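Okay, here's what each chain looks like letter by letter:
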Amino acid sequence: MTVWHNCLVDVVYYDERPALLRDEGYQIKIDDHEIVVSYQDEDGWVEYRGKNNGDGHFQLAAPERKGKASLHRFLPDGEILEGYWQEEGHQGMWRITLK
């Protein structure tokens, strides 16, 4: 499993929060079977998990936060993941830079 620590994430919100939040400290794990996106917020650790079917598209879920998300990796070894997220009534887009 490949692990990236302290990834940079740009989060766009479609609600009353700031339009763009730049956040560091996300951890991304990807192997042949799964993707895991982990981060910590004011309520503790959040973990989104999804299947890796090898085509660069990921559907993820975080049941403890009523979260669901999509991510797309445009190149097999690309450093950028982009997609959509919903969590506890909030929604937006996110771009993750692997580092």
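Provided above is the structure to which this section pertains.
Keep in mind the model is a prediction, meaning the values are calculated, not measured.

**Focus on the pairing of strand 5 (residues 57-62)**
Reasoning step 1: Here strand 5 shows a clear split, with Phe-58, Leu-60 and Ala-62 buried on one side and none of His-57, Gln-59 and Ala-61 buried on the other.
Reasoning step 2: Strand direction decides the pairing type here: strand 4 (residues 44-51) and strand 5, joined by 2 bridges, are antiparallel. The residue of strand 5 that forms the bridge with Arg-49 is Ala-61.
Reasoning step 3: Here strand 4 hands over to strand 5 after 5 residues, with Gly-54 in that stretch at a positive phi of 90 degrees.
Reasoning step 4: In this sheet, strand 6 (residues 67-73) lies alongside strand 5 in antiparallel orientation, the contact comprising 6 bridges.

**Quick notes on the sheet that holds strand 3 (residues 34-41)**
Reasoning step 1: Spatially, the 8 strands close up into a barrel ordered 1-2-3-4-5-6-7-8, and their pairing is antiparallel. Taken pair by pair, the neighbouring strands of this sheet meet at an average axis angle of 30 degrees, ignoring direction.
Reasoning step 2: Judged from the 8 bridges that link them, strand 3 and strand 4 form a sheet pairing that is antiparallel. Among the inter-strand pairings, Gln-40 is bridged to a residue of strand 4, identified as Trp-45.

**Side note on the packing of aromatic side chains**
Reasoning step 1: Under the definition given, this model contains 3 aromatic pairs.
Reasoning step 2: With a centroid separation of 4.7 Å and 20 degrees between ring planes, the pair formed by Tyr-26 and Tyr-39 is classed as stacked. You can see Tyr-26 sitting in strand 2 (residues 20-30) and its partner Tyr-39 sitting in strand 3, a full 13 residues away along the chain.
Reasoning step 3: For Tyr-26, a relative accessible area of 5% corresponds to the buried category.
Reasoning step 4: Under the relative-accessibility criterion, Tyr-39 is labelled buried at 10%.

**Digging into the side chain of Ser-38**
Reasoning step 1: Relative to the elements of secondary structure, Ser-38 occurs in strand 3.
Reasoning step 2: Given a relative accessible area of 8%, Ser-38 falls into the buried group.
Reasoning step 3: Excluding its chain neighbours within four sequence positions, the residues that come into contact with Ser-38 are Gly-25, Tyr-26, Gln-27, Trp-45, Val-46 and Glu-47.

**Description of the pairing of strand 1 (residues 2-13)**
Successive side chains on a regular strand alternate, one facing one side of the sheet and the next facing the other.
Reasoning step 1: Pairing between strand 1 and strand 2: 8 bridges, direction antiparallel. Bridged to Val-11 within strand 2 is Leu-21.

Criteria and cut-off values
- Residues numbered from 1 in each chain as written.
- Predicted model: local features only at pLDDT ≥ 70, side-chain atom pairs only at ≥ 80, totals over all residues.
- Heavy atoms only, no water.
- Buried < 20%, exposed > 50% of the residue type's maximum accessible area, 1.4 Å probe, protein only.
- Helix = DSSP H or I, 4+ residues; strand = E, 2+ residues; numbered from the N terminus.
- Pairing = 2+ DSSP bridges.
- Axes fitted to C-alpha atoms, helices over the stretch in contact; angles between N-to-C directions.
- Phe/Tyr/Trp six-rings, centres within 6.5 Å; stacked < 30°, edge-to-face > 60°.
- Contact = heavy atoms within 4.5 Å.

Taken by themselves, the reported measurements are silent on function.
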